[in-house]
Amino acid sequence: HTELENGEPGTQFLNKGWEGRVELVQRAVGNLSGAVGVQASSRNFKAIGEEAFVPPSDTDQMGVFTLQRLDLPPFALEGGVRLERQTVQAASIDFDRDFTTVSVSAGASRQLGEGWMTGISLSRTERAPNAEELLSEGAHLATSTYERGDGTLGKETGLGVEATLKKTGGPVTGAVNLFLTDYDKYIYERLTGAEEDGLPVAQFSATDARFWGFEVEAETTVLRNDQVTVTLDGGLDYVRATDRDNNTPLPRIPALSARAGVGVELATVAARFEGVWTGKQKRTADFELPTDSSMVFNASLDWHPLPEQDITLLLEVRNLTDEEVRLATSFLKDVLPQPGRDFRLSLRAGF
């Protein structure tokens, strides 16, 4: 990626990497099924020019994992384990750190009949900091901040629980998910109130944190015959995140949002219209401004000109009313809103 400054090449960002994954699926033994696998990746990153805020670095990862499922109708038990090794090196500043992480999860579900299912899952996850979190030191103009890493950051550990109630049959389908995760040394980027090179300083830091929230979605078919199918759907989601060390909000957390849509499907044409509402976000971190609510309408039209072929012509219109939208998750929300009315035409072919 080359950034242009007054039409001339400026800072270059070079990111070269590969990733591979191999899974071996077990032959079922009674009610037990599962898989084991290996996943590896390597990344070489360089930034060349005045805006190079991260030194050249190499990141290598190697992980092994297993997923297992035991069916004991009407119950099902699932579990997983992942062991990973990550190395981050930056030869120009003599930086070399290794991390070993272990993540485990377990869950149980029960079929209740008539399409209903309930379940609960527990997890303990570990994540190693990446090169940007460890090594950043300089102006990052894409976010209009001066990013400062912390080479001493350790592993981030999360303890989570999620409960689910799902309906997969009948006139109305949907799901309700409730989740709670406590983090030890959660890694995030916070504004400090200081300035460097005329930009606000954003420091990568670690703190104990808590996330909780819910997701709700539902769908129903209001008309179905040989010519047309009409469906209604909707959803609601919310997350609350708190720095437990200071009992303050974490930065850039999305607000409560809701959506509702209607879809119409014919033999070769499908249309959809939806509205997405995002509430105010007044629960903000230090040096962060609140965001207003917004209401966005989107529409799309799919045309399948050849019923026997997987070819789709898609026309989308996003933000029909040209609403000004500022996302609480954006570093630039105070100076740069999201795109306004947006037309997209695309052709997709599967083979």
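Since this is a predicted model, take the numbers as computed values, not measurements.

**Some details on the pattern of salt bridges**
Working step 1: Across all of its chains, the model carries 20 salt bridges by this definition.
Working step 2: Among the ionic pairs, R69 bridges to D71, the shortest N-O distance being 3.0 Å.
Working step 3: R69 sits in the partly exposed class, given a relative accessible area of 31%.
Working step 4: By relative accessible area, D71 is classed as partly exposed at 26%.
Working step 5: The shortest N-O distance in the salt bridge between R127 and E133 comes to 3.2 Å.
Working step 6: Classification of E133 by relative accessible area gives buried; the value is 9%.
Working step 7: Members of the salt-bridge network, linked through shared partners, are D233, R259, R272 and E274.

**Some remarks on the packing of aromatic side chains**
Working step 1: Applying the stated criterion to the full structure yields 8 aromatic pairs.
Working step 2: Taking the centre distance of 5.7 Å and the plane angle of 65° together, the rings of W212 and Y238 count as edge-to-face. One end of the pair, W212, is in strand β12 (residues 199-224); the other, Y238, is in strand β13 (residues 229-243), with 26 residues separating them in the sequence.
Working step 3: Note on W212: relative accessible area 37%, which makes it partly exposed.

**Considering the nonpolar core**
Working step 1: Counting residues in hydrophobic clusters, the biggest one holds 16 residues, and the most contacted among them are V88, F95, L134 and L135.
Working step 2: Counting only elements with at least two residues in this core, the list comes to β3 (32-48), β5 (75-90), β6 (95-113) and α1 (131-135).
Working step 3: Here the element with the most residues in this core is α1; it accounts for 3 residues.
Working step 4: Not counting residues within four places of it along the chain, the set of residues in contact with L135 comprises F53, V54, P55, S57, V88, A90, I93, F95 and G149.
Working step 5: Formed by 9 residues, the second largest nonpolar core is a distinct cluster that contains Y188, A209, A241 and I253.

**Focus on unusual backbone geometry**
Working step 1: Along the chain, P73 connects to P74 via a cis peptide bond; the corresponding omega equals 5°.
Working step 2: Even without being glycine, E114 reaches a positive phi, approximately 55°.
Working step 3: Position of E114 among the secondary structure elements: in the loop between β6 and β7 (116-127).
Working step 4: Among the residues examined, E114 registers a relative accessible area of 72% and is labelled exposed.
Working step 5: Backbone geometry at D322 places phi at a positive 60°, although glycine is not the residue there.
Working step 6: For D322, a relative accessible area of 42% puts it in the partly exposed group.

Each value, and the rule that gives it
Residues numbered from 1 in each chain as written. Predicted model: local features only at pLDDT ≥ 70, side-chain atom pairs only at ≥ 80, totals over all residues. Heavy atoms only, no water. Salt bridge = Lys/Arg side-chain N within 4 Å of Asp/Glu carboxyl O. Buried < 20%, exposed > 50% of the residue type's maximum accessible area, 1.4 Å probe, protein only. Phe/Tyr/Trp six-rings, centres within 6.5 Å; stacked < 30°, edge-to-face > 60°. Helix = DSSP H or I, 4+ residues; strand = E, 2+ residues; numbered from the N terminus. Core = buried A, V, L, I, M, F, W, Y, C linked by side-chain atoms within 4.5 Å. Contact = heavy atoms within 4.5 Å.

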